[in-house]
Every structure is written in structure tokens, then in C-alpha cells.
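Report on the structure
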There are 2 protein chains.
Amino acid sequence: MLRTHTCGELRESDAGSVVTLCGWVDSYRDHGGGLFVDLRDRYGLTQIAFNPPDTPEAFIEASKDLRAEFVIQVTGNVAARPEGQHNPKLATGDIELRATEFKLLNKAKTPPVSPSAKVTDLPGEELRLEHRFLDLRRPVMQRAMMLRDKLTKRMRDYFEEHGFIDIETPILGRSTPEGARDYLVPSRVHHGHFYALPQSPQLYKQVLMMAGYDRYVQVARCFRDEDLRADRQPEFTQVDLEMAFVEQEDITGMIDGLVEKLAKEVLDIDVQLPLPCMTYDEAMTRFGHDAPDLRFGLEIVDLTDIAPQSDFGVFKSVVESGGHVRAICVKKGAEHYSRRGIDALTEFVKGFGAKGLAWFRGEKGPEGNPVLNSNIAKFFSDELLAEMGERLGAEEGDLILFSADKWLGTCKVLHALRTKIGEEMKLYDPKDMHFSWVVEFPMFERAEDADNPQAEGKWSAMHHPFTAPLPEHLEFLESDPEKCRAQAYDLVINGSEAGGGTIRIHDAETQSKVFTLLGIDKETAQDRFGFLLEALQYGAPPHGGIALGLDRMVMLFGGIDNIRDVIAFPKTQKASDLMTGAPGTVDARQLKELAVKVDM
Amino acid sequence: MLRTHTCGELRESDAGSVVTLCGWVDSYRDHGGGLFVDLRDRYGLTQIAFNPPDTPEAFIEASKDLRAEFVIQVTGNVAARPEGQHNPKLATGDIELRATEFKLLNKAKTPPVSPSAKVTDLPGEELRLEHRFLDLRRPVMQRAMMLRDKLTKRMRDYFEEHGFIDIETPILGRSTPEGARDYLVPSRVHHGHFYALPQSPQLYKQVLMMAGYDRYVQVARCFRDEDLRADRQPEFTQVDLEMAFVEQEDITGMIDGLVEKLAKEVLDIDVQLPLPCMTYDEAMTRFGHDAPDLRFGLEIVDLTDIAPQSDFGVFKSVVESGGHVRAICVKKGAEHYSRRGIDALTEFVKGFGAKGLAWFRGEKGPEGNPVLNSNIAKFFSDELLAEMGERLGAEEGDLILFSADKWLGTCKVLHALRTKIGEEMKLYDPKDMHFSWVVEFPMFERAEDADNPQAEGKWSAMHHPFTAPLPEHLEFLESDPEKCRAQAYDLVINGSEAGGGTIRIHDAETQSKVFTLLGIDKETAQDRFGFLLEALQYGAPPHGGIALGLDRMVMLFGGIDNIRDVIAFPKTQKASDLMTGAPGTVDARQLKELAVKVDM
């Protein structure tokens, strides 16, 4: 190695030794008689002194040409820093390296993105992505990549301890039924045919269970040909696993253990097992969302049964047409949200389909008891207000916010309000981590497909067509699909779905019923999933699995909001070079070959 | 879990306990009064007895419907097998499970590929690939997948111990300069543009070094749009790493340690470090190949200097036109290869471009000393034969085989002969493992490109255009490229290249010289490698790396000849379903979208 130590490891106990470091010039300060340089590598910063008497004059002179991001190899004497010059913020802050010689390994032009810049001094993300190699030098990015590495490695260790086999499934395969658009890869060898990049290894891992592999795991690259979003990349990574001879609790229990290990080893947090668990119906009822943020309360209260007793037309007509009136009671919210604040919330909920925002404040009543008041209070009798207040647990200073709409509409609006208010009123410590399960998802939902009106209203699988219903709901498959709940489970962290899985159908008869319900005829099923249907007939074991979103996990464990900050070379729409992954042009020969095959 | 134990773990010490197993019926034997079933899972086989008195009559009756590959869950009493019925070949051979009840989890049709069949009873590979899920149930396939998992995990552990960070690089990127054809992926979002699937993460990992990541590793999926071969798949896996601030010995030393660990932990073999090392020139001189099989000798002897002294026209004319006469002396080869055997070898070498095969036998001379004899002996004087015999170390019973051709032609023929004879004469134990390095490869070779006559005779990079020359050969870059040797190193295992790497160029000036030599003009370089060239200007550290072929490593460590036996779902040319990876058809909507973009 060109060095004896890294820039992060020298301590006061190393004083007196002669060492060689390599790294980048992070900053330099000319003190007249010599130069101080902070030398940086992935491991840390070390202060280098180019001063007499340790540094010969020639090297002091040469050191004056050093600039930010120059790469040097420097040898010198480790010395304790003089009294008063220790830097407690730096792991190496008790020493400095007094250079006796150095070698310039490479120069650097003035970087358009400075790796040592404070976050507030950084240029815009577009420029940082364009010069990704400089952006990736920033310690915060390096910590994110190291966190990603550590999380992944700890997961691999855990799954090895539990007898899982890491098996690589193909990237070049056949179209799978995940719902999003596939990336297609024309085949030169098979004219007119295309490979598809996998949206998940779902079918492969099920076949692996049927092939007897018992416990499979893979950190799998997956692809969806969809437009970019702040939290979505067309190329993403999934920690994908599957187990045979299991029931739902075996999978969730396995992941419980993983969560406990990761929380402890990565964040030094103790997690109590088993993780809390609620059904989908409960989550929607209490929080309006299937991945509720349980770091705070602010639960939804349903007032549908008493709301029509008022003279408030909106409530009456919504309930009459089968809708719901639901509300959240924001403790001390009246203080936080002035009239102007409520106006802002009203604008906010319009983005989620609400026409307006009915609200009440808890005020001090004539007898000192809290009473609800509002610009619509006149439509409500005192008795009704009292009953509502009691139901909501409203106290003086609280703010009550309503949604009156179809069930799912109230869920959408109140979830959005709840999330926004939780953040704005700091109802939780951002360092809190809350892990839980949501289970018993509906098997089916009515399709909403604007692109394909024929599909509108038809049943589609909420997870995928291989999900097993609850055993006691098997009968609903034909009689009442809406009631049918699945053996499905989502891992929720801080209000984000970190992963989801299901127990799979392992008998051909149930699989066939589900296909029928989904309008997948035999021929189509055979064409798309033939190999799976075949395998089902040759001794398929009960099995199930889960997939965790690795990008999301890194974001959640690192408290990182931007998905592009947890991926070394993310895709962007604007940048056009390899590093940021936008597609390039191909040469004429390649294009000609492709055109021949695709233009059919 | 539906089981308390696996089918591989019960021992005599478990006798008396009540357990539940799950698995596949591997075989069954009706003994009149009851049934014996060997139950199989990934962990082993356990004998289940459906006999009175343990098994109730109803279950004995039901058990008679069991057939091969049925999946069952069975509960019973663990009992030591009766005296004389122990099976020492089976880890569970000292016990049997006496069933008290069982449940049929799934039926199976009669499998076209029987997982319990002997290798000799297996159907052809095509049928096995078509029913891959059954083929994958065979214990030998499961052992291969577990070996792959273990090798990979041990590598990951090793690299973690040595401070490497696992960083995922994109699958969807830009065309890279690896030489083979890229798979192209049309982009929906960017009309007329294509992603390319990576042939290796080469450029990304170099950029990661320039971004300060210091030590990078990735088990990376790579792609080459080439026709299938017995030892090549279009989608393959590379253990890819890169280190900054290193010299060649740091990389080879790091891999030495990896090899030592893998050999010990996977094969229980002790490897002496450092691994032996020879230059490319030495390998070609002594063995005719840059990845010599060092499990045996049979080295090449050069007779070019004395061969023209004979009257044998072929030798004379070859040497006159600048060619070489080289030979191998096969100890006791005369016994092994009769005249008919030599005829077969002659046919064999014609496949490698030889016109014929000159040979001699070591026979007992008049004074008891060995003399060379052959059908061409008359063209050689006794003195010359004696000198040749001495040079070759020929003894009575040896067989000497010649190649007279251009240097590379003799290498090709003698390497082929050496490999074939080593195998046929069992010159090594197939369980032997020999690890070594070959270093100092030529930087450049003359292109041979039948598709592109204009490129014929031009210089091309033997590794890739980012490879650094030996420092002392820098001057040859312009004066004598042929002499220029690279800081390149291949890991060779048993005559196979298991991996290869180089120290990279880290200064823009040398990089520019190499591009010029390779005929890559500035514009092209900028277009293809612009981001790398940019990064070179902003503080690039000295760096280098290596990539190990994981598929190859598994084959070598497992003694497995067929690459499709180390990949769960390999590509084949004939099968057309997802499991064997041939491309499928896409629907009309998908096709239309693509056609719009590709037909430009």
C-alpha cells in the first residue's frame, strides 16, 4: 500500500511514530512560515503540518502549490497537538502529522462541487449529479453508502445464520405480472423476441420453493419502466426472500428478528418483539392509511352516526349517500393553527380531493368545561356539540378537523392531515424509529385504469395473483370477493411501507379460482405463468415470503429523504452521461441490428 | 413452522422424541404390512415407517396412496433402527421416524425428471432444463447451489473484514468499451435512446475510486450479447473489486488471502502463500498458454535452434520463415499412445491449425541408452537425435510430440496436446487445486477482426484501454508498443483463468497516449468515456482492481464441468419458457411502443 495508515486512525498514542498517509487536500491554511492541510479520505481527516523544523524547506515551498482536491502521499512524524489546539470534533483531533516529505500523486482542477462544502453552500442537485464523482466524495454521501453496505451485510449475515441460501435469479427473463411496465431487451439471437427485466424475482423464488430450496434470499435488482419520482427510481433493489413449510407468523417472526438485529447493530436501538401488528381494516379505521405512522397518536374518530343530526348540509348529504364523517382532534392544535393556518390546511386538503375543511376549536365554555366552536357551530345543537366533543376527547385549545366523503376519500384526507400535522407540530422525535406490521389486506380491489376503460371496475389483485386468502375466507373467493382477506403482511417503519409479502397459493385449484376471478383465462395463464402452473402440479410445498425495499430501508435507517442520496449512481431525467444513468446513443451498426428485429 | 426438524438432522440421540417433518417422498417401499418412505428435503433424507403399532390403520391405508414427489407433513416417534438395518451412507441412517399421523400437503404427477434418479438414469439436459424445478430438486444441483452460496458469502465476509464497501452500480447504463456486444434497452422516456446492460462495472468502479471510496466490492451481474457456449452464458456474475492507493502486489496479496480462506473453509485445503507467479512470457514459453494448468509438468522445449540441422523439410522451412519448432516429451507416453493413438492425436491437432504431427519415441539404443526413433528419424543425424533427446530429457518409453509453426501456432497446438494428454494419462489427481498468478501481459495486441477488415492489424488493448503499463515500459508506448507490458495479473486455477485485473492509468497524459495508440480520437473518447476523463482531472488516486468470475469459481471449486449446473436458471437456446431464460414474446401494446422508438 502507498500508505501505512488511513486519515481516520491516528491517535495521541501514535505520537512519535513515522507514518505515511494518502488522501485528498480537504482544506489548507497558509500560516506564513508554513502550511496546514486537512487531508481527507473515506476514513476521516488528519491535519498535516508543513512547517519547520520537521518539513525541509523544499517541501514547504512545494506544499504552497497544493490546492483543494489534490491527491498526495505524505510521510511524517505523528505529534500530539500543542495545548489548546486539540480539535474535539475530529477523531484525529489530538494529533497532527508533521510532514518530512510528500509526493503529489495527482492534481485537481478547481472542483465545481466542493466535497468539503457545508450543505448550505452546496450547488443544486443537478450540478452535483452531473459531477457525481465529486458529490460522492462528500462525507455525508460516503456515510450513506457505508450505511447501505452495513445494512445489507448485516441482513446477509442474519439470513445465513438462519439457513437461507442466496440464489441469483435471471435479469434477462420473461415478462412478469407485477403491473408496472417492463423494460424490454430485444434479442439478437431470437429474432422478434424480447427479454424483460424483472420487476421482482417473484415467480423464480416461488419455483425455487417448489424445487426444494426451502429458504431463499437474494439482494435483487428490480426494474420498472416508469417515470422518475422523488422516491422512486426505475432501477431499485429488493431484499427478497421466500420460505417453505411456513405460515404467516414464521415469516413475520423471521423479519422481527432481522429488525431487532438491524436496529441494535446499526442504530443501537432496542426493539421489543414481537413487533406490534394491526389489520388493514384497523389501520384504515384508526389512521386512514395502510402504512400508518405510529410514532404519534392523532387517531381518526368516526362521527358518521351522529353527524346527520346537525343542520350542516354537507354532513347530512354525505352520510345520506353512504359516505362517512370522520375527524381528528389535534391536541393544542388551536394554538398552533391560527385562522390563517386553518386556511392553509384547507388549501392543502383540496390537493387530496376535499372540497373544503370543516373544523372546530375547543373553547372554554360558560361552566369552564370545553365546548366546540366554529364558523359552522350554528348548525349544531349544544347537545350534539357536547356529544361530539366527548367522542373526540376534545379539550380547550384543541383543533378538530373533519373529512366528509366516501370512506376512502376520508382516509386519504385525514391521513394527509395527520402526517402533515405530526411533522409540523413535532409530535415525535425525528430520531424515533417505529416498526410494526399491517396484516389481512384485501385480496382484491376494483381496478382503476384510466388507460384501459374496459378494465375499470374489474377485480385486480391487491398484491399479486399468487397470494393466498385467509383459510377461513376461501369461500368468499366465489361468493363475495370484496370480503376476502389475504395472508398478506406489510412491514411499516415510521409511516412508510418498508416491505411486503404474502403466503402464496400452493394448490392448483385455488390458483385457478383466483385467475378466473381476475379474468385471466386459461390460455393467458398458461402463456404467462405456465412454468409456475406446471410446478404446482409436481409437489409444491406451502410457502410464502417477503420483499424489503433496500433503498427505502437505507433512507429510513439513515433519516435520509432523497432516494438519490442512497444510490451511488441514480437515474435522473436531465443529466445525460453514464454516471447519472440516463440512456446514451448507440452506434449505427447496433441500431441497424435492432431495427431489423423490432420493426416487425 | 409446519415442522419441528428437517429431514437431515435426526440422530440416534433423538430416539424417543416426537417430531414433525415435512418433505417430498423420495422413494417408497411397500412391505405388505406397511410402508417405508424416504422423505427428502434440502437437508437430507429420513426414513419414515408407516407400520403398526405406531401408525394407526387409517394412516397406513392412506400412506399407500403416496407416490414419488408427493409433499407430506408427518408426525411420529423417533426410534433407533433395528440391529442390522442401520444405513451408514445416510446421516440419519441410525434412526427412523415411526409415523403416528401424516397430512398430504400436495400431490404430484409422475415427474418427467426424477430428482432421486442416478446420474446414469437421467434424461437428456434439454428435458431437465425444460422442467428445471424438478432438475433443481436433485441433491447434486442443490449442493452446487449451496456451494455457490457459501463461496459468495465467504468472499463477502473476507472483503468486509478488509474494509471493502459493497456498492451497487447501475444495470441500466451507457455502452462500455469491453469489446463484446451490448444488450440494448430502448427507453420509453427518452425517445430514440437506449440503455446498455453492463459488460462489467469497470468504469463505475474506477469512478468510485476517484470519488474516494477506497475499497469497493460488488458481486455484479454482467451481460454480453453473445451466442451461448458450454462455458459461457450471456448473463454472468463477477466478483468485482477495486482499491485505491495500491500497487499490483497489494491486489494480488489481497486475493492471495481470499484464496487461502476459500480453499480452507470450502475445501479444507491448505494453500501456501504467496501464490506462485510467472510472467506471461514465461507461461507462453513453458506451457504455450497464458493460463497454464500447473497440476502437472509436461513443459514445452524449444528446438528451433537445432531443428534446421535435420533434412526434415517442414522443420527447415518453418524456421527459415521465422517460425518455431517446439515439442513436449510425454513421459511413458509411448506405452499410452500406440500408433493408432498417435493417429488420433494427429487428427486432434489438425483442429488447432496444425497440418500434421511429427513425433518420436524413446527406444532402447544399442548401448542401452535411449534413442529417438520415428517414421521421420531418417531425416535426422544420430548426433542431432542425441542432442534433441538430451534437450528433451527423453527416456525409453517416452513420446515426443512436435509443433512447427509461427510462435502462437506452436503455443496453441502444444497447449492443446498438453491439456489433452494431462487428462488422458491422469497426470494429476482431479481433486488437486492449483492456484497461481500470471502477470506482465502485453499491453496491446494486433487486432484480428474478420467483421471489420479496416481494424485488421491495428493495435487493440489486451485488457482494456485503462490499463497502466509497467512504469519502466512507459517509453515503449510510443516507441515500441509490442514490447510494452501491462501491470496486469490473472488468477489461474487448474488451467482456467478465474479472474483478471490491472492497475489503472490515473493520469490524463498517459491515458491520452494510450487512446492515441488505439486510434481512439478525442471526440470518441469524450463521447464514450467523458465522465472518466473528467474525473481524472479532479484528483484521481492511483488505483487498480480485479474481477473474479463467480460462475467459473463455483465450477472449479465444485469440480463441475457444465456452467449450466452452477446457475439456477441458465439460458438455453432451445427451451423457450421463463425458467430457462429464453426470451418470450411481448404483447402488441408493448411492441408498438418499442417500434415507434426503434424504427427511426
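Keep in mind that what you see is a predicted model, and the values were worked out from it rather than measured.

**Focus: the relation of the copies chain A and chain B**
With an RMSD of 0.1 Å, the fit of chain A onto chain B corresponds to turning through 180° and sliding 0.0 Å along the axis. What the rotation and shift describe, once combined, is the action of a two-fold rotation axis. Closest approach to the rotation axis among the C-alpha atoms of chain A is made by V185(A), whose C-alpha sits 2.5 Å away. A share of 100% of the interface residues of chain A reappears at the interface of chain B, consistent with the copies meeting face to face through the same patch.

**Topic: empty space enclosed by the protein**
Summed over the entire model, instances satisfying the criterion amount to 11 cavities of 30 Å³ or more. If you add up the space inside the largest cavity, you get close to 470 Å³. Along the walls of the largest cavity sit 35 residues, with R156(A), V219(A), R221(A), R156(B) and V219(B) positioned nearest its centre. Element by element, the count of residues in the lining of the largest cavity is highest for strand β9 (residues 215-223) of chain B, at five residues. Residues of the lining of the largest cavity, tallied by class, amount to 15 nonpolar, nine polar and 11 charged.

**Here we look at the pattern of salt bridges**
Taken as a whole and assessed by the stated rule, the structure comprises 84 salt bridges over all chains. In this structure, D214(B) and R3(A) form a salt bridge, with 2.7 Å as the shortest nitrogen-oxygen distance. With D214(B) in the loop between α5 (202-210) and β9 and R3(A) in the segment before β1 (18-30), this pair bridges two chains. Comparing D214(B) with R3(A) shows no difference in burial state: the two are buried. Its salt-bridge partner being D268(A), residue K264(A) comes within 3.1 Å of it at the nearest N-O pair.

**Observations concerning the interface of chain A and chain B**
If you look at the interface, chain A gives 124 residues, while chain B gives 124 residues. Taken together, the links from chain A to chain B amount to 12 salt bridges. Summed over the shared surface of chain A and chain B, the result is 58 residue pairs in polar contact (both at pLDDT 80 or more). Take the side of chain A that touches chain B: its biggest share by element is 11 residues, from helix α4 (residues 139-161) of chain A. Broken down by class, the residue content of the side of chain A that touches chain B amounts to 63 nonpolar, 24 polar and 37 charged.

About the cut-offs
Residues numbered from 1 in each chain as written. Chains lettered and ligands numbered in written order. Predicted model: local features only at pLDDT ≥ 70, side-chain atom pairs only at ≥ 80, totals over all residues. Heavy atoms only, no water. Least-squares fit on C-alpha atoms with pLDDT ≥ 70 in both. Contact = heavy atoms within 4.5 Å. 1 Å grid on protein atoms, 1.4 Å probe; cavity = no way out; pocket = protein on both sides within 12 Å on 5 of 7 lines; lining within 4 Å. Points joined across faces, edges and corners; volume = space filled by probe spheres on them. Helix = DSSP H or I, 4+ residues; strand = E, 2+ residues; numbered from the N terminus. Nonpolar A, V, L, I, M, F, W, Y, C, P; charged D, E, K, R; others polar. Salt bridge = Lys/Arg side-chain N within 4 Å of Asp/Glu carboxyl O. Buried < 20%, exposed > 50% of the residue type's maximum accessible area, 1.4 Å probe, protein only. Polar contact = N/O pair within 3.5 Å; in protein donor to acceptor, adjacent residues only side chain to side chain.

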